[in-house]
Each structure stands twice: as structure tokens, then as C-alpha cells.
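Residues per chain are reported as follows:
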Amino acid sequence: MSIRVLVLNGPNLSRLGAREPDIYGTASYDDLVRVCHEAAVELGLEVDVRQTDDEAELVSWLHGAADTHTPVVLNPAAFTHYSYALRDAIAMRTAPLIEVHLTNPAARETFRQISVVAPVASGTIAGFGLDSYRLALRAVATLLATGAR
Ligand code: DQA
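Residues numbered from 1 in each chain as written. Predicted model: local features only at pLDDT ≥ 70, side-chain atom pairs only at ≥ 80, totals over all residues. Heavy atoms only, no water.

J.: What should I look at first to understand helix H4 (residues 84-91) in this one?
T.: Because the α-helix completes a turn every 3.6 residues, residues three or four places apart line up on one side. All of the buried residues in H4 are Leu86, Ala89 and Ile90. All buried residues of H4 fall inside an arc of 100° around its axis, so they share one side. (Buried < 20%, exposed > 50% of the residue type's maximum accessible area, 1.4 Å probe, protein only. Helix = DSSP H or I, 4+ residues; strand = E, 2+ residues; numbered from the N terminus. Arc of directions from axis to C-beta.)

Structural data, given as C-alpha cells:
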């Protein structure tokens, strides 16, 4: 039986394709979901891909992941830069969690150059568009294989 990985997406990511395409590209949220499923098949994983604009829902999904030792790929979107609630939920993790971004926030506005979640994630992958998700799922598979988190 393959391991299930939660791929969680924060606010405004459902708008991909229509949202500032010069920054985020023209791929849609459905494309993002498809890429995750394709990558999971290649890696022998299962993915459950979700999106919410609600911080409380994201926190509750992270609690569920901690309770079930489920690995997570997380694009916290704007919450990345200021949500201590999300940071504290991630700090309780019991399995690998990779922070992922489509763009490279370090090369953008000053407020995006801080991630309050990075210090409690297993690692961060940013700047490769939808490939960031492929790379993050690969990182999860590697961490699971080595038992690291
Ligand atoms: C993002 C970067 C964030 O700064 C922004 O608020 C997002 C998307 C990314 O994937 O590049 O919503 O997380």
C-alpha cells in the first residue's frame, strides 16, 4: 500500500491561471492537482490535494496530519509571511513537511522575503512553478526512504 501525502494549498491558489499570470503563470489549479497526481504515481505515493482560503481549516488539516503521521507538501501562500498559528501547527508535525512555492519569494517584495514557517519545515522548494510540487514530492519520498523528517 502506498503512503498518502497531503498537498495543502493556502489562499488564492485556487485562482491560478487567472491570478496575476505574469507572476504565477497560466497553469490552472486543476493543472497543479494533475501534476501532483502524476508525480505521485511516478514516486509510488498517493496524494490528497486540497486548497483553502481559511487559516483555521489549514491549521485543522495540519493537526490531522500530525495525528496520522501523514507527510505534507504545503504552499502556505500569503500565510507564509505572517501566520504564527500555521507555524505553531507545523511545529507539531510528526512526519516530513516540505514548504513549497511557485515563485521565489526571496526575489520578490520585502514582505515576502520572510517565511515564518521555514524554520519548522523539513525544507523549502521555491521558484520552479508547478515543478516545485514535483520536486517537493520527490523530497518527501527521499525523506521517507531515509527515515528523516
Ligand atoms: C506563493 C508566494 C506567496 O508570497 C504568495 O502570497 C502566494 C503564492 C507562491 O507559491 O509563489 O500566494 O506562496
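J.: Mind showing me how you'd approach the environment of Ser2 here?
T.: Within the secondary structure layout, Ser2 lies in the segment before strand S1 (3-9). Linking Ser2 and Gln113, residues 111 residues apart in sequence, is a C-alpha distance of 36 Å. Polar side-chain contacts of Ser2 include one of 3.4 Å to the side chain of Glu46. (Polar contact = N/O pair within 3.5 Å; in protein donor to acceptor, adjacent residues only side chain to side chain.)

J.: When you look at unusual backbone geometry in this model, what are you seeing that I'm missing?
T.: When glycine is set aside, most residues are seen to have a negative phi, and most peptide bonds are trans. With phi around 75°, Asn12 is a residue other than glycine that occupies positive phi space. With respect to the secondary-structure elements, Asn12 resides in the loop between S1 and helix H1 (21-24). Taking relative accessible area as the criterion, Asn12 reaches 39% and is therefore assigned partly exposed. Positive phi, close to 55°, is recorded for His69, a residue that is not glycine.

J.: Mind showing me how you'd approach the nonpolar core here?
T.: With 27 residues, the main nonpolar core has Val7, Leu32, Cys36, Val47, Val73, Tyr133 and Leu137 as its most contacted residues. Leave out the neighbours within four places in its chain, and Cys36 touches Val7, Val47, Val49, Tyr133 and Leu137. Core analysis: the second largest hydrophobic core is formed by 18 residues, Leu58, Ile90, Leu97 and Ala121 among them. (Core = buried A, V, L, I, M, F, W, Y, C linked by side-chain atoms within 4.5 Å. Contact = heavy atoms within 4.5 Å.)

J.: Would you take a moment to explain the packing of aromatic side chains for this structure?
T.: The geometry of an aromatic ring pair is captured by the separation of the ring centres together with the interplanar angle, meaning the angle of the planes. As enumerated under the stated definition, the model contains one aromatic pair in all. Judged by centre distance (6.0 Å) and plane angle (70°), the rings of Phe79 and Tyr82 are edge-to-face. Under the relative-accessibility criterion, Tyr82 is labelled partly exposed at 48%. When the ring centre of Tyr24 is taken as origin, the NZ or CZ atom of Arg19, which lies over that ring, is 4.2 Å away. (Phe/Tyr/Trp six-rings, centres within 6.5 Å; stacked < 30°, edge-to-face > 60°. Lys NZ or Arg CZ within 6 Å of the ring centre and 35° of its normal.)

J.: Would you explain the packing of helix H2 (residues 29-43) against helix H5 (residues 131-146) in this entry?
T.: The relative placement of two packed helices is expressed as an angle between their axes plus a distance between the axes. At a minimum axis distance of 9 Å, the contact between H2 and H5 shows a crossing angle of 35°. Here H2 and H5 pass one another in a crossing that is right-handed. Where H2 approaches H5, its residues Leu32, Val35, Cys36, Glu38, Ala39 and Leu43 are matched on the opposing element by Tyr133, Arg134, Leu137, Arg138 and Ala141. Its residues placed into classes, the contact of H2 with H5 shows eight nonpolar, no polar and three charged. (Axes fitted to C-alpha atoms, helices over the stretch in contact; angles between N-to-C directions. Left-handed = near helix turned anticlockwise from the far one by under 90°. Nonpolar A, V, L, I, M, F, W, Y, C, P; charged D, E, K, R; others polar.)

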